[in-house]
Amino acid sequence: MHFLRCSFAEWTLVRPRLLRTRFGAWLVLLGAALIWLGTRGADPLGIALHAGALGAVLSAAFAAGSAADRAAFAIALTHPTTPLAIACGRWLAVVIPAAALAAACTVAAGGRSTAGLAGIVAAGAVAGCALAAVLLGGTGAALVLFIFMALAGAIPPEAIVGVAEPGAARLAVASALELGPALWRYRDVAAGDAGALLHAVAWAMLGVVLASGVVRRAARQAS
């Protein structure tokens, strides 16, 4: 119970940023852009997946991307909490807005409930990856991940390397899409694929563990 209280405390610290910073406005703009694409014939499942993934990256940038956030970890750890509890709380702060965005965009685009579920699953997986990335690289890492997810996240790896001489850059992108959290894989969640769901859960857990390690290291450096 103490662990859960500590994790929830981190979420309550980040929650006011939805209204007091540009975070909420950016989420609304992202949702409006995706809904507009839906009115132009975009696939509702694709809309839900992009809403979850891009919303998670955006949320991570605002929840943990600033230097002040990383500097505050040393102060937080002087209280009865742990790096893992802090990481879980920040992950929760990233997932909740992204999942809400995925659900809202699914409804607006006329998608099925399975599409919304896939978007939420994508939000959880990308949130783990994005949280660890922004804790290590700040908002610059979030920008790179956002562009990557927006442009290449839904493309299967075989479509990228399916040329005579793919080159090192194509191989690197295809490897990232094969191993990392990618939208092409999480499309199968809507079809009930347990493997895709387990992949997302694994990335969410891995991201939280990596983030807790970064929190511990940042606290040591600050002290």
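Residues numbered from 1 in each chain as written. Predicted model: local features only at pLDDT ≥ 70, side-chain atom pairs only at ≥ 80, totals over all residues. Heavy atoms only, no water.

Novice: Can you walk me through the overall build of the protein chain in this structure?
Specialist: Secondary structure assignment for the protein chain yields 11 helices and zero strands. Counting from the amino terminus, helix and strand elements in the protein chain follow one another as α-α-α-α-α-α-α-α-α-α-α. For the protein chain, contacts bridging at least 24 residues in sequence account for 77% of all contacts bridging at least 6. For the protein chain, the computed accessible surface area is about 10800 Å², with 70% contributed by carbon and sulfur atoms. (Helix = DSSP H or I, 4+ residues; strand = E, 2+ residues; numbered from the N terminus. Contact = heavy atoms within 4.5 Å. Areas by Shrake-Rupley, 256 points an atom, 1.4 Å probe, with all protein chains shown as cover.)

Novice: I'm lost on the pattern of salt bridges in this one. Help?
Specialist: Two side chains carrying opposite charge are able to pair once their charged atoms lie near each other. Counted under the stated rule, the structure contains two salt bridges. One salt bridge in this structure joins Arg187 and Asp43, with 2.5 Å as the shortest N-O distance. Placement of Arg187 in the loop between α10 (183–186) and α11 (194–222) and of Asp43 in the loop between α3 (23–39) and α4 (44–64) is noted, with a sequence separation of 144 residues between them. On the basis of relative accessible area, Arg187 is assigned to the partly exposed category, the value being 31%. (Salt bridge = Lys/Arg side-chain N within 4 Å of Asp/Glu carboxyl O. Buried < 20%, exposed > 50% of the residue type's maximum accessible area, 1.4 Å probe, protein only.)

Novice: Where do I start with a nonpolar patch on the surface in this structure?
Specialist: On the surface, a cluster of nonpolar side chains totalling about 320 Å² of accessible area is made up of Leu143, Ile147 and Leu151. By secondary structure assignment, the location of Leu143 is in helix α7 (residues 113–152). Classification of Leu143 by relative accessible area gives exposed; the value is 52%. (Patch = residues over 30% accessible without salt bridge, like charges linked within 9 Å, V, L, I, M, F, W, Y side chains within 5 Å.)

Novice: What am I meant to see in helix α6 (residues 83–109) here?
Specialist: At 3.6 residues per turn, the α-helix brings residues three or four places apart onto the same side. The end-to-end C-alpha separation of α6 is 39 Å, in line with the 39 Å expected for 27 residues at 1.5 Å each. Backbone geometry just after α6 places Gly110 at a positive phi near 75°. (Expected span 1.5 Å × (residues − 1).)

Novice: Hey, could you run me through the packing of aromatic side chains in this one?
Specialist: Two aromatic rings, taken as a pair, are described by how far apart their centres are and by the angle between their planes. Throughout the structure, instances matching the rule amount to one aromatic pair. Aromatic side chains Phe23 and Phe62 sit 5.1 Å apart centroid to centroid with 15° between the ring planes, which places their arrangement in the stacked category. Linking Phe23 in helix α3 with Phe62 in helix α4, this pair joins segments that are 39 residues apart in sequence. What makes Phe23 buried here is its relative accessible area of 2%. Look at Phe62 and you get partly exposed, because its relative accessible area is 22%. (Phe/Tyr/Trp six-rings, centres within 6.5 Å; stacked < 30°, edge-to-face > 60°.)

Novice: Can you walk me through the environment of Arg216 in this structure?
Specialist: Looking at the secondary structure, you find Arg216 in helix α11. Counting along the chain gives 130 residues from Arg216 to Ile86, while the straight-line C-alpha distance between them is 9.8 Å.

Novice: Is there a simple way to explain the nonpolar core in this structure?
Specialist: Note on soluble globular proteins: their nonpolar side chains tend to be buried together. With 55 residues, the main nonpolar core has Leu49, Leu135 and Tyr186 as its most contacted residues. Breaking this core down by element, the ones donating at least two residues are α1 (2–14), α3, α4, α6, α7, α10 and α11. Take this core: its biggest share by element is 16 residues, from α7. (Core = buried A, V, L, I, M, F, W, Y, C linked by side-chain atoms within 4.5 Å.)

Novice: What is the right way to look at the packing of α4 against α6 in this model?
Specialist: To characterise two packed helices, one gives the angle between the axes of the helices and the distance between these axes. The contact between α4 and α6 brings their axes to 7 Å, and the two run at 150°. On the basis of their axis angle, the class for α4 and α6 is roughly antiparallel. Where α4 crosses over α6, the two elements pack in a sense that is right-handed. When α4 is examined against α6, the residues Pro44, Ile47, Ala48, Ala51, Gly52, Gly55, Ala56, Ser59, Ala60, Ala63 and Ala64 are found in contact with a partner set consisting of Arg90, Ala93, Val94, Pro97, Ala98, Leu101, Ala102, Cys105, Thr106 and Ala109. (Axes fitted to C-alpha atoms, helices over the stretch in contact; angles between N-to-C directions. Parallel < 35°, antiparallel > 145°, perpendicular 65-115°, else oblique. Left-handed = near helix turned anticlockwise from the far one by under 90°.)

Novice: Could you clarify how one ought to interpret the side chain of His199 in this entry?
Specialist: Residue position: His199 is located in helix α11. For His199, a relative accessible area of 16% gives the class buried. Ignoring any residue separated from it by four or fewer positions in sequence, one finds His199 in contact with Glu178, Leu179, Gly180, Pro181, Arg185 and Tyr186.

Novice: Is there a simple way to explain α4 in this structure?
Specialist: Here α4 spans 30 Å end to end across 21 residues, near enough to the 30 Å set by a 1.5 Å rise per residue. Among the 21 residues of α4, 19 are classified as buried, and the element is accordingly described as predominantly covered.

Novice: Just checking my understanding: could you explain the side chain of Thr106 for this structure?
Specialist: Within the secondary structure, Thr106 sits in helix α6. Setting aside residues no more than four positions away along its own chain, Thr106 makes contact with Ala48, Gly111, Arg112, Ala115 and Gly116.

Note that every value here comes from positions in space, so none of it alone points to a role or purpose.
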